[in-house]
Amino acid sequence: MVKRNLIALLLLVAITGARAQNIQARYVQKSANKIAVTAQTSKGLLAEIAQGKAYLVDVRTPEEYDKQHLKYAQNINIRSPDFAAQVNKLDKNKRVYLYCHSGNRSGRAADSLQTLGYTRGYNIGAIDSLIKAGFPAQ
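Keep in mind that what you see is a predicted model, and the values were worked out from it rather than measured.

Remarks on the pattern of salt bridges
Scanning all chains against the criterion turns up three salt bridges. Across the pair Arg95 and Glu48 runs a salt bridge whose closest N-O atoms are separated by 2.8 Å. Highlighted residues: Arg95 in strand β3 (residues 95-100) and Glu48 in helix α2 (residues 39-50), separated in sequence by 47 residues. Across the pair Asp58 and Arg60 runs a salt bridge whose closest N-O atoms are separated by 2.7 Å. The residues Asp58 and Arg60 share a single accessibility class, namely buried.

Concerning the side chain of Ser106
Position of Ser106 relative to the elements: it lies in helix α5 (residues 104-115). Under the relative-accessibility criterion, Ser106 is labelled buried at 0%. Looking at Ser106, its side chain comes within polar contact range of the main-chain oxygen of Gly103, at 3.3 Å.

Notes on the nonpolar core
Membership of the largest hydrophobic core comes to 17 residues, with the highest contact counts inside it found for Leu56, Leu70, Tyr97, Tyr99, Ile124 and Phe135. At the level of secondary structure, the elements contributing two or more residues to this core comprise α2, β1 (54-58), β3, β4 (121-126) and α6 (127-132). Ranked by residues supplied to this core, first place goes to α2 with three residues. Non-local contacts of Ile124, meaning those with residues more than four positions away in its chain, are made with Ile35, Val37, Leu56, Tyr97, Leu98, Tyr99, Leu130 and Phe135. With 15 residues, the next largest nonpolar core counts Ile78, Leu90, Ala110 and Tyr118 among its residues.

So, the packing of aromatic side chains
Applying the stated criterion across every chain, the model contains one aromatic pair. Taking the ring centre of Tyr118 as reference, the NZ or CZ of Lys92 above it sits at 5.2 Å.

Structural notes on the environment of Val96
With respect to the helices and strands, Val96 occurs in strand β3. Between the alpha carbons of Val96 and Leu56 there is a distance of 6.1 Å; along the sequence they are 40 residues apart. With near-sequence residues (within four places) excluded, Val96 lies in contact with Tyr55, Val57, Leu90, Leu113, Tyr118, Arg120, Gly121 and Tyr122.

Structural notes on the pairing of β4
When you tally the buried positions in β4, you get six out of six residues, the bulk of the element. As paired elements, β3 and β4 share five bridges and run parallel to each other. Among the inter-strand pairings, Tyr97 is bridged to a residue of β4, identified as Tyr122. You can see the chain leave β3, run along α5 and come back into β4, and the turn it takes is right-handed.

Some remarks on α2
Side chains that are three or four residues apart share a direction in an α-helix, a result of its 3.6 residues per turn. Across its 12 residues, α2 extends 17 Å between first and last C-alpha, which sits within 8% of the 16 Å expected from 1.5 Å per residue. Three or more residues of α2 are buried, namely Ser42, Leu45, Leu46, Glu48 and Ile49. Across the axial projection of α2, the buried residues extend over an arc of 160 degrees, all falling on one side. Opposite the buried face of α2, by more than 90 degrees, sit the exposed residues Gln40 and Lys43. Lining the buried residues of α2 we find β1 and β3. One or two positions beyond α2, positive phi appears at Gly52, with a value near 80 degrees.

Reading the values: the criteria
Residues numbered from 1 in each chain as written. Predicted model: local features only at pLDDT ≥ 70, side-chain atom pairs only at ≥ 80, totals over all residues. Heavy atoms only, no water. Salt bridge = Lys/Arg side-chain N within 4 Å of Asp/Glu carboxyl O. Helix = DSSP H or I, 4+ residues; strand = E, 2+ residues; numbered from the N terminus. Buried < 20%, exposed > 50% of the residue type's maximum accessible area, 1.4 Å probe, protein only. Polar contact = N/O pair within 3.5 Å; in protein donor to acceptor, adjacent residues only side chain to side chain. Core = buried A, V, L, I, M, F, W, Y, C linked by side-chain atoms within 4.5 Å. Contact = heavy atoms within 4.5 Å. Phe/Tyr/Trp six-rings, centres within 6.5 Å; stacked < 30°, edge-to-face > 60°. Lys NZ or Arg CZ within 6 Å of the ring centre and 35° of its normal. Pairing = 2+ DSSP bridges. Right-handed = clockwise from strand over helix to strand, strands pointing away. Expected span 1.5 Å × (residues − 1). Arc of directions from axis to C-beta.

Printed below as a string of C-alpha cells:
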C-alpha cells in the first residue's frame, strides 16, 4: 500500500512539473523577423525611429508601459482585443520595431504583424536588454 501511494505521489509530482513547464514555455517566433540589438546597432535603430522612418512599439500592457518604456515608443498592447485595429493604423511601408518584457510577446506580435500584411515588423526583444544596448528609457 505504501509503495503504491509513493508511486502515485511521484506520478502526481511529475505531471504537475510537466504542466508547470508548459505554462512557463516561451513562445517560439515563427517569422524570421528578429533583430539582436547591440550597442552598435541601437544607434542606427534609434536614429531611424527618431527621424520618423520607423515605429517603436511596446506591446506590453498599459500598466507596464506607464512604469517604464523606451523613448519614442508607443504602446499597443498585444493582449488588447483591438490590437489588430491599432496596428493597422501604422504605415506598412515603415519598419515596426517591437519589444516587451522578455521578447516573448514581441515575438507573437511580429508574427501577428506578418499575418496582417506587414513585411517589416521586427522583434527586437526585451526592454532591459534594449536599455543596456543604449536605448533611453522614460
